[in-house]
Amino acid sequence: MLFSMDALPLHVTKFDSRWNSSSAAERLRAELETRGISADVHEGYRLALVWVWVGLVVWCDGEGFWWRTGWDEGRKRAVYAWHPVADLGRAVRRIAFRYAELREGHPLSALVRAALEEEPEPRAEWPL
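Our subject in this report is the structure included herewith. This structure is a prediction, so every number in the text was calculated from the model and none was measured. (Residues numbered from 1 in each chain as written. Predicted model: local features only at pLDDT ≥ 70, side-chain atom pairs only at ≥ 80, totals over all residues. Heavy atoms only, no water.)

## Some thoughts on the sheet that holds strand β5 (residues 77-84)
Strand order in the open sheet made by the 5 strands is β1-β2-β3-β4-β5, with antiparallel pairing throughout. Whereas interior strands pair on both sides, the edge strands pair on one side only; in this sheet they are β1 (40-44) and β5. Averaged over all adjacent pairs, the angle separating strand axes in this sheet is 30°, with direction ignored. As defined by bridge partners, strand β4 (residues 64-72) adjoins β5 across 8 bridges and the pair is classed as antiparallel. Of the residues in β5, the one forming a bridge with Asp72 is Arg77. Where helix α2 (residues 88-105) meets the sheet, it contacts β2 (47-53), β3 (56-60), β4 and β5, and its direction lies at approximately 30° from that of β4. (Pairing = 2+ DSSP bridges. Helix = DSSP H or I, 4+ residues; strand = E, 2+ residues; numbered from the N terminus. Axes fitted to C-alpha atoms, helices over the stretch in contact; angles between N-to-C directions. Contact = heavy atoms within 4.5 Å.)

Quick look at the structure:
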């Protein structure tokens, strides 16, 4: 007998990948922030993306995280790492290591560093 999703027994929960992917990505972002790593979460098409650094975007489908770790010259294709959402702590550590590698190879530009070090000027009141 086939069931529609609306006719499932009460003890069976519906799997909403959009909700799970976005909440998992948000948890990842928050955990990275505790390590001093800023990130942004973007959602759409049942995936959530966590933009961490140049060359480090973490995809999440609610079950796992995956991110690019390099390039296979022999096969001419990208190499990806994957980690289950259920093991968030290890995923954060692995992503933090990759972040550190990429920061060494692509540091902030002098212009951005200077802008971050400047004290913001107080805003003058605009005449109405």
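## A short note on the pairing of β4
Relative to β4, β3 is paired through 2 bridges, and the arrangement is antiparallel. Considered in β4, the bridge of Cys60 is made with Phe65. In sequence, β3 turns back onto β4 through a hairpin of 3 residues, with Gly62 there showing a positive phi of about 95°. Here β4 folds back onto β5 in antiparallel fashion, the turn holding 4 residues, of which Lys76 has a positive phi close to 60°.

## Quick look at the nonpolar core
Ranked by size, the top nonpolar core spans 24 residues in total, and within it Leu28, Leu32, Val52, Leu56, Val58 and Phe65 carry the most contacts. At the level of secondary structure, the elements contributing two or more residues to this core comprise α1 (17-34), β2, β3, β4 and α2. The leading source of residues in this core is α2, at 7 residues. In this view, Leu56 contacts Val50, Trp51, Trp67, Ile95, Arg98, Tyr99 and Leu102; residues no more than four positions away in its chain are not counted. (Core = buried A, V, L, I, M, F, W, Y, C linked by side-chain atoms within 4.5 Å. Buried < 20%, exposed > 50% of the residue type's maximum accessible area, 1.4 Å probe, protein only.)

## Focus: the packing of aromatic side chains
Taken as a whole and judged by the stated rule, the model has 3 aromatic pairs. Taken together, a centroid distance of 5.9 Å and an interplanar angle of 85° make the contact between Trp53 and Tyr99 edge-to-face. Taken as a pair, Trp53 in strand β2 and Tyr99 in helix α2 lie far apart in primary sequence, 46 residues in all. Ring pairing ties together the aromatic residues Trp59, Trp66 and Tyr80, which thus form one cluster. Between the NZ or CZ atom of Arg103 and the centre of the ring of Trp53, over which it lies, the distance is 4.4 Å. (Phe/Tyr/Trp six-rings, centres within 6.5 Å; stacked < 30°, edge-to-face > 60°. Lys NZ or Arg CZ within 6 Å of the ring centre and 35° of its normal.)

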